[in-house]
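# Structural overview
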Amino acid sequence: MRICLAKTRSFVTRGPAFAALRPALAALALFCLPLCLMLCAGPAGAEDITWPGNGTLRNDPFLNPNALYPDALSDNTVTVNEGGAAPGIVYGGVTDGAGEVARNRVTINGGVIGAAGFAGYVYGGLSTSGAVTGNSVSVRGGTIGADVLGLVYGGWSSLGAVTGNSVRISGGTIGPAGSGVVYGGFSGSDAARGNSVSISSGVIGAAGNGVVYGGLSTSGAATDNSVFISGGVIGAAGADSRVTGGASGSGDATHNTVTLSGSAMDVSRAGSESVG
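Model, not experiment: these values are computed from the prediction.

## Some points on the overall build of the chain
Within the chain one finds 1 helix and 28 strands. Within the chain, buried positions represent 45% of all 276 residues. When contacts within the chain are restricted to residue pairs at least 6 apart in sequence, long-range pairs at least 24 apart make up 75% of them. For the chain, the computed accessible surface area is about 12,600 Å², with 57% contributed by carbon and sulfur atoms.

See the structure below:
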């Protein structure tokens, strides 16, 4: 919490004139103190959430049910382990507004994300119209997507820039009965810059397409995004799977890279791609 300090000037506190003012001054002090504390308080403090554990499943800001997320927008840690009811969506930080969502960490060690018959979603950070910066998702085990589509985003914004977000996959299955989709960062209209995906093990799209983007922007620039794959399975046999370092629908896509050193997959791949 920030503390408000103000310089005051001394004045005479004796005599009948001051005595008449005392009740009004006391009332003013009672009103101003809580107002000052409210205005000077910073945003909600960073949170450390574990599921099952101290987390709570509730509607997210978009009214999606069974979401696991902290109230603070930045510097949170969210961990999902085996057991408990299945969250439908997991966020490191989320806002349906213009606030920046930054430096959150999500780790999936086990369990299931997504109820039967529905897709499962994991976001390191999501802001509808603000910047999304430096968030990360680590998938070490578990299942994302239950029996349908599974999606993982390091960072996502509809209107803001998405910068320096990452996804690291070393186990688990994303899309066990359908397609799996992984984005280091996605922006609907601003730049996607310096986002990354690293895959060393696990399955993406066990029964459908495996789709991996380091960074994607619908209408902004996509620059310096990367994908590194050293193991794992991406897409079912014969599926239309794809790995792309960075792509833009109508902007520039430059200095994006894909590095493959292993993995059982049959995919088309591109470093940079302009698809507009």
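The structure having been displayed, the exposition proceeds.
## Observations concerning the packing of aromatic side chains
This model, assessed by the stated rule, comprises 8 aromatic pairs. When the centroid spacing of 5.9 Å and the interplanar angle of 25° are considered together, the rings of Trp156 and Phe186 count as stacked. Placement of Trp156 in strand S14 (residues 150–157) and of Phe186 in strand S17 (residues 180–187) is noted, with a sequence separation of 30 residues between them. Of the residues examined, Trp156 reaches a relative accessible area of 22% and is grouped as partly exposed.

## Structural notes on the pairing of strand S19 (residues 196–204)
Pairing analysis gives 7 bridges linking strand S16 (residues 166–174) to S19, with the strands arranged parallel. In the strand pairing of S19, Ser166 is matched with Ser196. Across 4 bridges, S19 lies against strand S22 (residues 226–229) in parallel orientation. In the strand pairing of S22, Val197 is matched with Val227. One ladder, built from 2 bridges, connects S19 with strand S23 (residues 233–234); its direction is parallel. Opposite Val203, over in S23, you have Val233 as the bridge partner.

## Here's the deal with the environment of Ala207
Along the chain, the position of Ala207 falls in the loop between S19 and strand S20 (210–217). Those residues in contact with Ala207 that sit more than four places away from it in its chain are Gly175, Pro176, Ala177, Gly178 and Ala236.

## Notes on the pattern of salt bridges
Summed over the entire model, instances satisfying the criterion amount to 2 salt bridges. With a shortest N-O distance of 3.0 Å, Asp71 and Arg58 are connected by a salt bridge. With a gap of 13 residues between them, Asp71 in the loop between strand S3 (67–68) and strand S4 (77–80) and Arg58 in strand S2 (residues 57–58) connect regions that are remote in the sequence. Two residues, Asp75 and Arg103, come together in a salt bridge whose shortest N-O distance is 2.7 Å.

## With respect to the sheet that holds strand S18 (residues 192–193)
Taken together, the 6 strands give an open sheet; going across it, the order is S7-S11-S15-S18-S21-S25, and neighbouring strands pair in parallel fashion. Each of the sheet's edge strands pairs with one partner strand only, and the pair in question is strand S7 (101–102) and strand S25 (253–254). Taken together, the 2 bridges between strand S11 (residues 132–133) and strand S15 (residues 162–163) define a ladder with parallel strand orientation. In the sheet register, Thr133 faces S15, and the bridge partner there is Thr163.

## Considerations on the pairing of strand S12 (residues 136–139)
The sheet contact formed by strand S8 (residues 105–108) and S12 spans 4 bridges and is parallel. By the bridge assignment, Thr107 is partnered in S12 with Ser138. Bridge count for S12 against S16 is 4 bridges, and the pairing is parallel. The residue bridging Ser138 from the neighbouring strand is Arg168, located in S16.

What counts as what
- Residues numbered from 1 in each chain as written.
- Predicted model: local features only at pLDDT ≥ 70, side-chain atom pairs only at ≥ 80, totals over all residues.
- Heavy atoms only, no water.
- Helix = DSSP H or I, 4+ residues; strand = E, 2+ residues; numbered from the N terminus.
- Buried < 20%, exposed > 50% of the residue type's maximum accessible area, 1.4 Å probe, protein only.
- Contact = heavy atoms within 4.5 Å.
- Areas by Shrake-Rupley, 256 points an atom, 1.4 Å probe, with all protein chains shown as cover.
- Phe/Tyr/Trp six-rings, centres within 6.5 Å; stacked < 30°, edge-to-face > 60°.
- Pairing = 2+ DSSP bridges.
- Salt bridge = Lys/Arg side-chain N within 4 Å of Asp/Glu carboxyl O.

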